[in-house]
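Observations on chain architecture
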2 protein chains.
Amino acid sequence: MNHIPLCLQYIGMNMENTIYKLMTPGPTQVAQNVRMARALSCTNPDSDETFFDFYRDTCELISTLLHTKNETLILSGEGILGLEAACASLTEPGDKVLVIDNGLYGNGFKDFVSLYGGIPTLYTKDYHETLDIDELAAYLAENHDFKYATVVHCDTPSGMLNDISRICPLLKKYGILTVVDSVSAMFGEYVNVDEFQIDILCGGSQKVVSAPAGLTFLNISSDAKAAMKARTTPIASFYANLTIFDGYYEKKWFPYTMPISDIYGLRAAFDNIKAEPDIVERHAKIAAHVREVLSKAGYTFYQNSGFSNTVTVINIPEGLTADSILDTCRKQYNIMLAGSFGEFAGKVVRIGHMGENARLELIDEVLEILCKLTRKK
Amino acid sequence: MNHIPLCLQYIGMNMENTIYKLMTPGPTQVAQNVRMARALSCTNPDSDETFFDFYRDTCELISTLLHTKNETLILSGEGILGLEAACASLTEPGDKVLVIDNGLYGNGFKDFVSLYGGIPTLYTKDYHETLDIDELAAYLAENHDFKYATVVHCDTPSGMLNDISRICPLLKKYGILTVVDSVSAMFGEYVNVDEFQIDILCGGSQKVVSAPAGLTFLNISSDAKAAMKARTTPIASFYANLTIFDGYYEKKWFPYTMPISDIYGLRAAFDNIKAEPDIVERHAKIAAHVREVLSKAGYTFYQNSGFSNTVTVINIPEGLTADSILDTCRKQYNIMLAGSFGEFAGKVVRIGHMGENARLELIDEVLEILCKLTRKK
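Residues numbered from 1 in each chain as written. Chains lettered and ligands numbered in written order. Predicted model: local features only at pLDDT ≥ 70, side-chain atom pairs only at ≥ 80, totals over all residues. Heavy atoms only, no water.

Another point: the confidence of the model for chain A. When pLDDT drops low, the exact placement of atoms in the prediction is not to be read closely. All names here are of chain A. Model confidence for chain A is summarised by a mean pLDDT of 94, while 95% of its residues fall at 70 or above. Across residues 1-17, confidence stays below pLDDT 50; counting only partners more than four residues off in sequence or on other chains, it has 52 contacts. ipTM for the predicted complex: 0.95, alongside a pTM of 0.96. (pLDDT = per-residue confidence, 0-100. Contact = heavy atoms within 4.5 Å.)

Right, let's get into the interface of chain A and chain B. Residue-level contacts link 70 residues of chain A with 70 residues of chain B. Of the roughly 5600 Å² buried between chain A and chain B, counting both surfaces, carbon and sulfur atoms make up 65%. Residue Asp-262 of chain A is joined to Arg-38 of chain B by a salt bridge in which the shortest nitrogen-to-oxygen separation is 2.7 Å. In this assembly, chain A and chain B are joined by 22 residue pairs in polar contact (both at pLDDT 80 or more). When residues of the side of chain A that touches chain B are traced back to their parent elements, those giving at least two are α1 (7-10), α2 (32-37), α3 (49-65), α4 (79-90), α5 (104-115) and α11 (260-274) of chain A. The dominant element in the side of chain A that touches chain B, judged by the number of residues it contributes, is α11 of chain A, at 7 residues. Residues of the side of chain A that touches chain B, tallied by class, amount to 40 nonpolar, 18 polar and 12 charged. (Buried area = accessible area lost by both parts, 1.4 Å probe. Salt bridge = Lys/Arg side-chain N within 4 Å of Asp/Glu carboxyl O. Polar contact = N/O pair within 3.5 Å; in protein donor to acceptor, adjacent residues only side chain to side chain. Helix = DSSP H or I, 4+ residues; strand = E, 2+ residues; numbered from the N terminus. Nonpolar A, V, L, I, M, F, W, Y, C, P; charged D, E, K, R; others polar.)

Attention now moves to the pairing of strand β8 (residues 177-181) of chain B. Side-chain direction in a regular strand flips from residue to residue, so the side chains alternate between the two faces of the sheet. Residue and element names in this part refer to chain B. Across the 5 residues of β8, 5 count as buried, placing the element largely inside the fold. Taking every second residue as pointing to the same face, both faces of β8 are buried, with Leu-177, Val-179 and Asp-181 on one and Thr-178 and Val-180 on the other. Where strand β5 (residues 148-152) meets β8, 5 bridges bridge the pair, whose relative direction is parallel. By the bridge assignment for β8, Thr-150 is matched with Val-179. (Buried < 20%, exposed > 50% of the residue type's maximum accessible area, 1.4 Å probe, protein only. Pairing = 2+ DSSP bridges.)

Now for the sheet that holds strand β2 (residues 71-76) of chain B. Residues and elements named next belong to chain B. Strand order in the open sheet formed by 7 strands is β2-β10-β9-β8-β5-β3-β4, with mixed pairing between adjacent strands. Only two strands of the sheet have a single neighbouring strand rather than two, namely β2 and β4 (119-124). Ignoring strand direction, the axes of neighbouring strands in this sheet form an average angle of 20°. Packing of helix α4 (residues 79-90) onto the sheet brings it into contact with β2, β5, β8, β9 (200-204) and β10 (215-220), and relative to β10 it is tilted by some 35°. (Axes fitted to C-alpha atoms, helices over the stretch in contact; angles between N-to-C directions.)

Attention shifts here to helix α11 (residues 260-274) of chain B. With 15 residues, α11 of chain B ought to run about 21 Å at 1.5 Å a step, and its terminal C-alpha atoms sit 20 Å apart, in line with that. With 13 of its 15 residues buried, α11 of chain B lies for the most part within the structure. (Expected span 1.5 Å × (residues − 1).)

A few words now on the nonpolar core. Ranked by size, the top nonpolar core spans 184 residues in total, and within it Tyr-55, Ile-200, Phe-245 and Phe-270 of chain A together with Tyr-55, Ile-200 and Phe-270 of chain B carry the most contacts. When neighbours within four sequence positions are excluded, Phe-245 of chain A is seen to be in contact with Tyr-55, Leu-73, Ile-74, Leu-75, Phe-254, Pro-255, Tyr-256 and Met-258 of chain A. (Core = buried A, V, L, I, M, F, W, Y, C linked by side-chain atoms within 4.5 Å.)

Residue and element names in this part refer to chain B. Under the defined criterion, the tally for this structure stands at 41 aromatic pairs over all chains. Note on Phe-51 and Phe-54: the rings are 6.3 Å apart at their centroids and 40° apart in plane angle, and the pair reads as tilted. On the criterion of helical spacing, the pair formed by Phe-51 and Phe-54 is a turn pair, its members being 3 residues apart in helix α3 (residues 49-65). Its relative accessible area of 0% is what places Phe-51 among the buried residues. Overall, the relative accessible area of 0% leaves Phe-54 in the buried class. (Phe/Tyr/Trp six-rings, centres within 6.5 Å; stacked < 30°, edge-to-face > 60°.)

A few words on unusual backbone geometry. Here the amide bond leading from Gly-26 of chain A into Pro-27 of chain A is cis, since omega sits at -10°, within 30 degrees of zero. Structurally, the position occupied by Pro-27 of chain A is in the loop between β1 (21-22) and α2. Here the phi dihedral of Ser-210 of chain B falls at roughly 65°; this positive angle occurs in a residue that is not glycine. For Ser-210 of chain B, the position within the fold is in the loop between β9 and β10.

A complete count under the given rule lists 38 salt bridges over all chains for this structure. When the shortest N-O distance is used, the salt bridge between Arg-282 of chain A and Glu-276 of chain A registers 2.6 Å. Note that Asp-199 of chain B and Lys-172 of chain B form a salt bridge whose closest N and O atoms lie 3.0 Å from each other. Note that Asp-199 of chain B is positioned in the loop between α8 (193-196) and β9 and Lys-172 of chain B in helix α7 (residues 164-173), a separation of 27 residues in sequence. The residues Asp-199 of chain B and Lys-172 of chain B share a single accessibility class, namely buried.

Right, let's get into the relation of the copies chain A and chain B. In screw terms, the move from chain A to chain B is a rotation of 180° and a rise of 0.0 Å along the axis, fitting with an RMSD of 0.0 Å. Here the two chains are linked by the operation of a two-fold rotation axis. (Least-squares fit on C-alpha atoms with pLDDT ≥ 70 in both.)

Structure below.
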């Protein structure tokens, strides 16, 4: 067990001190002010009314950073809870749902749809390409009898970026609500909820936001709320039911005790984002730099199109394996990159240049190692 | 907004500095070593295999402290997620479930049972009394066709303690599985999973354990696992499905990114508990002291029986109101006690003497104020 840092010995865990530099596509490195905020003493979030202001204020900050006045909710749980909550809250038995599938997470949405009685229609496309908008438009012209559609902004296992600025308005044109998983993209990619006409946007704490895993947040349009209100069947979950938050501020009543300490950290992380108006540009520059250097060194990428600002997915050069690359980085340089999973397992290595990872000095260290590896062969 | 402590100003939140001494029945005060553990840099819990050891080791520590080798799982979510997960994972449509109801949370279990298609039978008894074991035995002799039963160890809104050491074996005698909500009792009350024959025991981070809210943990017997395995219908949830953790250690695969930083804090909190073998005695002594002092000062309690080591629930003396007591404590002494909710709202005040709150110097400060209040009248 070598992942516990030295300071934990102080608190009684007698373990070795090795902590990797995380360059994974989430969880990302966490800034010191976020970590310090998590160490603060907290009030009682159930009975201290000022916490209701703090929670709402933090939610409004997130909405503002997403360029909308639509309500944001922070839930106590990992990003995947947000995806399930969106589907659980919208889906009534028999509802038809379009599942845009050009990646592993894109495909995975069908399971949440089915779980809550919906009928998913898979719109499956090449996992190497960003979604073709004209093709989707042609498809929708013929097929648009869907209550909502799911789309993944950046499909992290393969690093595929989809152009939600064009996909969502196209869907809304046919009255199809949109559920967007932007967990690993938002703030590294530009997201404008109002302009893109997104109905439910799902985010997570541990990606670009660079807080620890454990929180998910959802931005919810009035159309999405109306759809939940118009349901004739109950939502078949409590913890994944978004309507349990209805009127929390007026009633001064949360459906469960809010993870206030985690939210202190999240707030610090969002204050960091607010203080950096050029955060998307930083990500864009770093991503371009990564691809330029790696291309020159002879690396090829999983994608032909749909390159994301937040993650780069490289194919394994001849003579190397995913494990050998990961092991070299970890054992010789104390840097953690990521493999992938599902059909991508062993076939690619992923560099997460999102949030606090997306710093030139950090990424250059990684690039130097990767370039050395191909020279060695 | 006066609940943000001074140090948050450093990280950019320009708010006033008032932090209350929490004497609420959860969330409780959090020890410094737990807060510091939450501020540590973390590894990537998905790809660093050593985290799987740390997670399992922490789960095994919890099991040991509960006197069992039954597996413990830590989930990313608040205590109520644990209750829902237990019911979601056990309940198949049409299953008959006995819901022991002598408190608000006891009663609330019926909703989780119904949500997943079960048929709850309410065993409703006086909310002022701990469950009568002989009466239950007589009932069960005639009525025992239940797949499982739910019981709350300490029903926090009214502070009712039930004797799970006798209730659970009685149920098991009839082959009825037991789901026990001990969120606000365990470690303040003695819990021996094996001796008490508990099938699913639910705990939360923010009560006696004295870590911040945001984690729930469940201890699960082989009988409960067998019942989940024997299901002929799928579990109608992902996030509340306990079987998604099956084989996580062997597969080195968590169903979602674990909240590693929260778990660092939880581990520190459990190390504190491990280091204090007399923790239940500390709670018992403090509770007896609270009741003795308050009785002498003329206070009466909500319960006639079923007094808990972790919370004391006082009736409102004539001439005072719940709000006036809470306000005096908060505004004049910077101490936060709790009101209650549901049918108890406005009728009682609750003193949480659990976990880090259960220290003589802290509780004596509260008792002095409460005694002064009745003298003033």
